[in-house]
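One letter stands for each residue in the lines below.
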2 protein chains.
Amino acid sequence: MNAITPLRRRRLSVPTVTLSHGGGGTAMRDLVEDVFVSAFAGDAAAPLEDQARMDLAALAAGGDRLAFTTDGFVVDPLFFPGGDIGTLAVCGTVNDLAVGGAVPVMLSCAVVIEEGLAVDTLRRVAASMADAARAAGVRIVTGDTKVVARGACDKLFVTTSGVGVIRRGIEVGIGKARPGDVVLVNGPLGCHGATILAARGDLGLDADLASDCAPLNGLIGDLLDAAPGTRLMRDATRGGLAAVLTELAEASGVGVLIAEEALPVTPAVRGLCELLGLDPLHLANEGVLVAVVPREQAAAALAALRAHPLGGQAALIGGVTSERPGRVVMDTAFGQRTIDLPVGDPLPRIC
Amino acid sequence: MNAITPLRRRRLSVPTVTLSHGGGGTAMRDLVEDVFVSAFAGDAAAPLEDQARMDLAALAAGGDRLAFTTDGFVVDPLFFPGGDIGTLAVCGTVNDLAVGGAVPVMLSCAVVIEEGLAVDTLRRVAASMADAARAAGVRIVTGDTKVVARGACDKLFVTTSGVGVIRRGIEVGIGKARPGDVVLVNGPLGCHGATILAARGDLGLDADLASDCAPLNGLIGDLLDAAPGTRLMRDATRGGLAAVLTELAEASGVGVLIAEEALPVTPAVRGLCELLGLDPLHLANEGVLVAVVPREQAAAALAALRAHPLGGQAALIGGVTSERPGRVVMDTAFGQRTIDLPVGDPLPRIC
């Protein structure tokens, strides 16, 4: 934690980050104030603190359990259509909290910066984080800054952690799927993974792609209101939809049967997958919610998702079965095929 | 957050980390289970979860405020006399919580691993984290794993975040020092910084040095029992004692006067500082507590520190004055000198 008291607001006079900006002295204080305090503290009503504090009574008003999660981000490139590493770092942790049934309350932000990074790059990332936090209704309340020598990291890594509150009565969990339940997604698969692939540039692709990176907590709030019996939710990040479905099948001891024709996939993602021999089920997403809901609440759940700006293309993609526990099977035009958890993502540094 | 359900416990068959270990698939699951789940989950009574949860009522039994903090660790080398990056990552965040008056409850751990790192190195670091967490009485409850290509980071970075609870009635803060207060430290200055300097190896030093890296929460608990009026506490990490004192002088609008002869410094650290022209006040520490206490509680505070294994060499090093607000002055054998916040640490990647 930076022992930084935000006493002053200075604009750095140097264009790039140097090792002294990570040394705990005046240089670091100036960097933190210029870049992070000014972006996150907003109107200074809630200044960035070295240790964030919150009344437990205020938290308890929102629910009966605290949720806590963390996620590191090493995406390459830092900026891509639809977002950047800052957007990802906020949305990723907000979504990790939200899919566990928690209302996100506050985030921390720890950065490792490569010496020589442009200060303006950091300012852009911090601004994206502030925008995403505002969209999600959370505050970034504390942080840390480290600088390493040129070559000791690739430009910028960001780790966010988050604290949220789970409402009384909400009981979701990866092991709670039951035969007869249905599986829903809020929108098209693979947009983030396909976008990063294309943004790497070395493929010569210029497709009409953008990351789906978005905070899902609002959508999830609406879903839980409409379908309070929701069994479990996951955001399908690394490993894609395939990873989520195989995980829930194993953890719940159930089979999952999905229909390929029901999967929402954009023409741009489908085209890129066909070109490169990839499967949209394995591509990473940063704004795709997978929800397992009791059949009798399916219609209400689907309507709630579709009524939200992030759920216009929500779809019922399959159901939970008692057959083949632990296995995920997909109906395709050519018969059934088994969906496996991949060994790894087809693309490193996807998030 | 790793969407990992700890269903199985496998030992990895490969000796080094590959990119597929960060891809969200079976390889990552195997790595996380071999290295982190097995180290942190202990007897599996409290398995590592993808989202940690805790009853708010149980937290509220310990105090009235939640504390939340984060810290990234990029120390080079990973292993050094007295600890390693894992020890540091746990102690650093435990100490950030404790100096704010909080009792640490749970930690998260996010790692960025360079492709090619030996799995045994990771196992050693995870074991150190588990040991330090046990010593501090906290649990590591959630984590994340990313792998980047060779050359995209230097071996291993660890980011920990922590949640703690502040007892009702404890009101410490960097702006609360008052003229007449005294300044205490629990032990010798500069051991961590001097150890890392020597461990870098490129100086040809072979001094009798070890990092002071330790969890301070037990010591701090004893201090607060003995001196409940304690104004503020800080652990003197990057920037050393000088950074803490200048920060509290500025934030509290007071002067600080310390006596050089009262500063505890080991012969090994003093020797290294004289050799290299460094100042022990600017060297980083990872187990040095600085506390400002009302004068009438000074004796009780000092006795409490000295009675603890981490406070045997505790000392009263100076006092808070109304003169020269915002300035730190040291009495030396050659008269008074002003202590400034350094621009940066003399050594990059100290923690």
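Computed from a predicted structure; not experimentally measured.

1. Overview of the relation of the copies chain B and chain A
Moving on, step 1. With an RMSD of 0.0 Å, the fit of chain B onto chain A corresponds to turning through 180° and sliding 0.0 Å along the axis. What the superposition gives is, in effect, a two-fold axis relating one chain to the other. Across chain B, the smallest distance between a C-alpha and the rotation axis is recorded for C153 of chain B, namely 2.0 Å.
Moving on, step 2. Of the residues that chain B buries at the interface, 100% are likewise interface residues in chain A, meaning the two copies contact each other through the same surface.

2. A short note on the UniProt feature "domain: PurM-like N-terminal" (unreviewed entry) in chain A
Moving on, step 1. Here the UniProt-annotated "domain: PurM-like N-terminal" (unreviewed entry) positions come out as residues 57-166 of chain A.
Moving on, step 2. Secondary structure within residues 57-166 of chain A divides into 34% helix and 43% strand; the distance between the first and last C-alpha atoms comes to 14 Å.

3. Observations concerning unusual backbone geometry
Residues and elements named next belong to chain A.
Moving on, step 1. In this chain, D76 is followed by P77 through a cis amide linkage whose omega measures 5°.
Moving on, step 2. Here P77 shows up in the loop between β2 (65-73) and β3 (79-80).
Moving on, step 3. Look at K155: it is not a glycine, yet its phi comes out positive at around 70°.

4. Details of the interface of chain B and chain A
Moving on, step 1. Each side of the interface is counted separately: chain B has 82 residues, and chain A has 82 residues.
Moving on, step 2. Overall, the association of chain B and chain A removes approximately 6,100 Å² of surface from exposure, summing both partners, and the carbon and sulfur fraction of that is 57%.
Moving on, step 3. Three residues, L56, F68 and R238 of chain B, lead the burial of chain B against chain A; their summed loss comes to 14% of the area buried on that side.
Moving on, step 4. In this assembly, chain B and chain A are joined by six salt bridges.
Moving on, step 5. As a salt-bridge pair, D144 of chain A and R238 of chain B come within 3.2 Å of each other at their nearest N and O atoms.
Moving on, step 6. Counting across the interface, chain B meets chain A through 35 residue pairs in polar contact (both at pLDDT 80 or more).
Moving on, step 7. Here the side of chain B that touches chain A is built from residues that sort into 41 nonpolar, 24 polar and 17 charged.
Moving on, step 8. Relative to strand β1 (residues 52-55) of chain B, β2 of chain A is paired through four bridges, and the arrangement is antiparallel. Residue pairing for β1 of chain B: A67 of chain A is matched across the bridge by R53 of chain B.

5. A few points about the sheet that holds strand β2 (residues 65-73) of chain B
Moving on, step 1. Judged by pairing direction, the sheet is mixed, and its five strands sit side by side in the order β1(A)-β2(B)-β7(B)-β5(B)-β6(B) without closing on themselves. Edge strands, defined here as strands with exactly one partner in the open sheet, are β1 (52-55) of chain A together with β6 (139-148) of chain B. In this sheet, neighbouring strand axes are inclined to one another by 15° on average, regardless of whether the strands run parallel or antiparallel.
Moving on, step 2. Inspection of the sheet shows β2 of chain B paired to strand β7 (residues 156-166) of chain B by nine bridges, in the antiparallel sense. Note on β7 of chain B: the bridge partner recorded for F73 of chain B is V158 of chain B.
Moving on, step 3. The sheet strands contacting helix α4 (residues 119-136) of chain B are β5 (102-114), β6 and β7 of chain B, and the helix crosses β7 of chain B at an angle near 15°.

6. With respect to the domain arrangement of chain A
All names here are of chain A.
Moving on, step 1. Here chain A is partitioned into domain 1 (19-166) and domain 2 (182-339).
Moving on, step 2. One C-alpha centre belongs to domain 1, the other to domain 2, and the line joining them spans 27 Å.
Moving on, step 3. Summing the contributions of domain 1 and of domain 2, the shared interface buries around 1,600 Å²; its carbon and sulfur component is 65%.
Moving on, step 4. A per-residue breakdown of the area domain 1 buries against domain 2 is headed by P81, N95 and V99, which together make up 33% of the total.
Moving on, step 5. Summed over the shared surface of domain 1 and domain 2, the number is one salt bridge.
Moving on, step 6. The partner of R200 in a salt bridge is D76, with the nearest N and O atoms 3.8 Å apart.
Moving on, step 7. Put simply, domain 1 and domain 2 have six residue pairs in polar contact (both at pLDDT 80 or more) between them.
Moving on, step 8. At the level of secondary structure, the elements contributing two or more residues to the side of domain 1 that touches domain 2 comprise α3 (85-99) and α4 (119-136).
Moving on, step 9. By residue class, the composition of the side of domain 1 that touches domain 2 is 12 nonpolar, five polar and two charged.

7. Regarding the confidence of the model for chain A
Parts of the prediction with low pLDDT should not have their coordinates interpreted in detail.
Moving on, step 1. Averaged over chain A, the pLDDT score is 92; the fraction of residues at 70 or greater is 93%.
Moving on, step 2. Below pLDDT 50 for its whole length, residues 2-7 of chain A participates in 27 contacts with residues either more than four positions away or in separate chains.

8. Structural notes on helix α6 (residues 217-226) of chain A
Residues and elements named next belong to chain A.
Moving on, step 1. If you check which residues of α6 are buried, you get N217, L219, I220, L223 and L224. Taken down its axis, α6 places every buried residue within 155° of arc, on the same side.
Moving on, step 2. Buried-residue contacts for α6 involve α3, β5 (102-114), α4, β9 (232-235), β11 (289-293) and α9 (298-306).

9. Points about the packing of aromatic side chains
Two aromatic rings are characterised by how far apart their centres lie and by the angle between their planes.
All names here are of chain A.
Moving on, step 1. Applying the stated criterion across every chain, the model contains four aromatic pairs over all chains.
Moving on, step 2. Consider the rings of F36 and F40, whose centres lie 5.8 Å apart with planes at 45°: the pair is tilted. Taken together, the positions of F36 and F40, both in helix α1 (residues 26-40) and four residues apart, correspond to about one turn of that helix.
Moving on, step 3. Residue F40 is classed as buried on the basis of its relative accessible area of 14%.

10. What to know about the packing of α3 of chain A against α4 of chain A
All names here are of chain A.
Moving on, step 1. Closest axis-to-axis distance for the α3/α4 pair is 7 Å, and the angle between their directions is 30°. In terms of orientation, α3 lies roughly parallel with respect to α4. When you trace α3 past α4, the crossing you get is right-handed. Residues I85, G86, T87, A89, V90, C91 and V94 of α3 lie in contact with α4, whose contacting residues are V125, S128, M129, A132, A133 and A136.

11. A few points about the pattern of salt bridges
Residue and element names in this part refer to chain B.
Moving on, step 1. Applying the stated criterion across every chain, the model contains 33 salt bridges over all chains.
Moving on, step 2. A salt bridge links D181 to R231; its shortest N-O distance comes to 3.0 Å. In this pair, D181 sits in the loop between β7 and β8 (182-185) while R231 sits in the loop between α6 (217-226) and β9 (232-235), placing the two residues 50 residues apart along the sequence.
Moving on, step 3. Under the relative-accessibility criterion, D181 is labelled buried at 2%.

12. What to know about the pairing of strand β8 (residues 182-185) of chain A
Residue and element names in this part refer to chain A.
Moving on, step 1. The two faces of β8 match: V182 and L184 on one face and V183 and V185 on the other face are all buried.
Moving on, step 2. For β8 and β11, the ladder comprises four bridges, and the chain directions are antiparallel. Bridging from a neighbouring strand, V182 pairs with V293 of β11.
Moving on, step 3. Pairing between β8 and strand β12 (residues 315-321): four bridges, direction antiparallel. When the bridges of β12 are listed, V183 appears paired with G318.

The rules behind these values
- Residues numbered from 1 in each chain as written.
- Chains lettered and ligands numbered in written order.
- Predicted model: local features only at pLDDT ≥ 70, side-chain atom pairs only at ≥ 80, totals over all residues.
- Heavy atoms only, no water.
- Least-squares fit on C-alpha atoms with pLDDT ≥ 70 in both.
- Contact = heavy atoms within 4.5 Å.
- UniProt positions renumbered as here; feature names shortened; annotations may be inferred.
- Helix = DSSP H or I, 4+ residues; strand = E, 2+ residues; numbered from the N terminus.
- Buried area = accessible area lost by both parts, 1.4 Å probe.
- Salt bridge = Lys/Arg side-chain N within 4 Å of Asp/Glu carboxyl O.
- Polar contact = N/O pair within 3.5 Å; in protein donor to acceptor, adjacent residues only side chain to side chain.
- Nonpolar A, V, L, I, M, F, W, Y, C, P; charged D, E, K, R; others polar.
- Pairing = 2+ DSSP bridges.
- Axes fitted to C-alpha atoms, helices over the stretch in contact; angles between N-to-C directions.
- Domains from an automatic or database assignment.
- pLDDT = per-residue confidence, 0-100.
- Buried < 20%, exposed > 50% of the residue type's maximum accessible area, 1.4 Å probe, protein only.
- Arc of directions from axis to C-beta.
- Phe/Tyr/Trp six-rings, centres within 6.5 Å; stacked < 30°, edge-to-face > 60°.
- Parallel < 35°, antiparallel > 145°, perpendicular 65-115°, else oblique.
- Left-handed = near helix turned anticlockwise from the far one by under 90°.

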